[in-house]
Amino acid sequence: GITGQEEVVETNSPDLKLYPNPARHILVAQIDGQAGKPVMLYISDVLGRLVLQQPGETGTAVFLDVRNLQPGLYLVVAKWSDGRSVSKKVFVQPQL
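Residues numbered from 1 in each chain as written. Predicted model: local features only at pLDDT ≥ 70, side-chain atom pairs only at ≥ 80, totals over all residues. Heavy atoms only, no water.

**Observations regarding the sheet that holds strand β6 (residues 72–80)**
Next up, step 1: If you trace the four strands from one edge of the open sheet to the other, you get β4-β3-β6-β7, paired in antiparallel fashion. This sheet does not close on itself; its edge strands, each paired only once, are β4 (50–57) and β7 (85–92). Neighbouring strand axes in the sheet, compared pairwise and without regard to direction, differ in orientation by 20 degrees on average.
Next up, step 2: Where β6 lies against β7, eight bridges are found, and the strand directions are antiparallel. Bridge pairing links Ala78 to Val86 in β7. (Pairing = 2+ DSSP bridges. Helix = DSSP H or I, 4+ residues; strand = E, 2+ residues; numbered from the N terminus. Axes fitted to C-alpha atoms, helices over the stretch in contact; angles between N-to-C directions.)

Structure, rendered in structure tokens:
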């Protein structure tokens, strides 16, 4: 079940690396695993609202433009067609 504080299990799985974190302009999502498998990336705000989604592939880097997002904490979720998913938190910094 979902408890208020630990709604997302932080994972050290090698499937998803996000950098830079905090991000200001472009967030790079490096998705490891069997190359060429389609994956969908979703970025949600702390209220759970989807603010960005972008397709990608495992074994590649996906560039996510976060310049239009409000500063704050976001959840990035990578979902595969087989139902697997992995998530990480990222902080978006204010634009200079």
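Back to the write-up after that little detour.
**Points about the packing of aromatic side chains**
Next up, step 1: Under the counting rule described, the total for this entry stands at zero aromatic pairs.
Next up, step 2: We note Lys79 situated over the ring of Tyr42; from NZ or CZ to the ring centre the distance is 5.4 Å.
Next up, step 3: Sitting above the plane of the Trp80 ring, Arg84 keeps its charged end 4.6 Å from the centroid. (Phe/Tyr/Trp six-rings, centres within 6.5 Å; stacked < 30°, edge-to-face > 60°. Lys NZ or Arg CZ within 6 Å of the ring centre and 35° of its normal.)

**Observations concerning the nonpolar core**
Nonpolar side chains in soluble globular proteins tend to end up buried together.
Next up, step 1: Formed by 20 residues in total, the largest nonpolar core has its most connected members in Leu16, Leu27, Leu41, Ile43 and Val76.
Next up, step 2: Counting only elements with at least two residues in this core, the list comes to β1 (16–19), β2 (26–31), β3 (38–45), β5 (60–65), β6 and β7.
Next up, step 3: If near-sequence neighbours (up to four positions away) are discounted, Val76 is found in contact with Leu16, Leu18, Leu27, Leu41, Tyr42, Ile43, Val86, Ser87, Lys88 and Val90. (Core = buried A, V, L, I, M, F, W, Y, C linked by side-chain atoms within 4.5 Å. Buried < 20%, exposed > 50% of the residue type's maximum accessible area, 1.4 Å probe, protein only. Contact = heavy atoms within 4.5 Å.)

**Structural notes on the environment of Val76**
Next up, step 1: Tracing the sequence through the fold places Val76 in strand β6.
Next up, step 2: Given a relative accessible area of 0%, Val76 falls into the buried group.
Next up, step 3: Measuring from C-alpha to C-alpha, the distance between Val76 and Leu18 comes to 8.7 Å, with 58 residues separating the pair along the chain.

**Some remarks on a nonpolar patch on the surface**
Next up, step 1: Together, Val46, Leu47, Leu73 and Phe91 make up an exposed nonpolar region whose accessible area comes to about 400 Å².
Next up, step 2: The topology assignment puts Leu73 in strand β6.
Next up, step 3: Taking the relative accessible area as the measure of exposure, Leu73 reaches 37% and is therefore partly exposed. (Patch = residues over 30% accessible without salt bridge, like charges linked within 9 Å, V, L, I, M, F, W, Y side chains within 5 Å. Areas by Shrake-Rupley, 256 points an atom, 1.4 Å probe, with all protein chains shown as cover. Salt bridge = Lys/Arg side-chain N within 4 Å of Asp/Glu carboxyl O.)

**Considering the sheet that holds β5**
Next up, step 1: With antiparallel pairing, three strands are arranged side by side in an open sheet as β1-β2-β5. Two strands lie at the open edges of the sheet, namely β1 and β5, each paired on one side alone. On average, each strand axis in the sheet is tilted by 25 degrees relative to the strand beside it, whichever way the strands run.
Next up, step 2: In the sheet, β2 pairs with β5 via six bridges, with the strands oriented antiparallel. Pairing of Ile26 across the sheet is with Asp65, part of β5.

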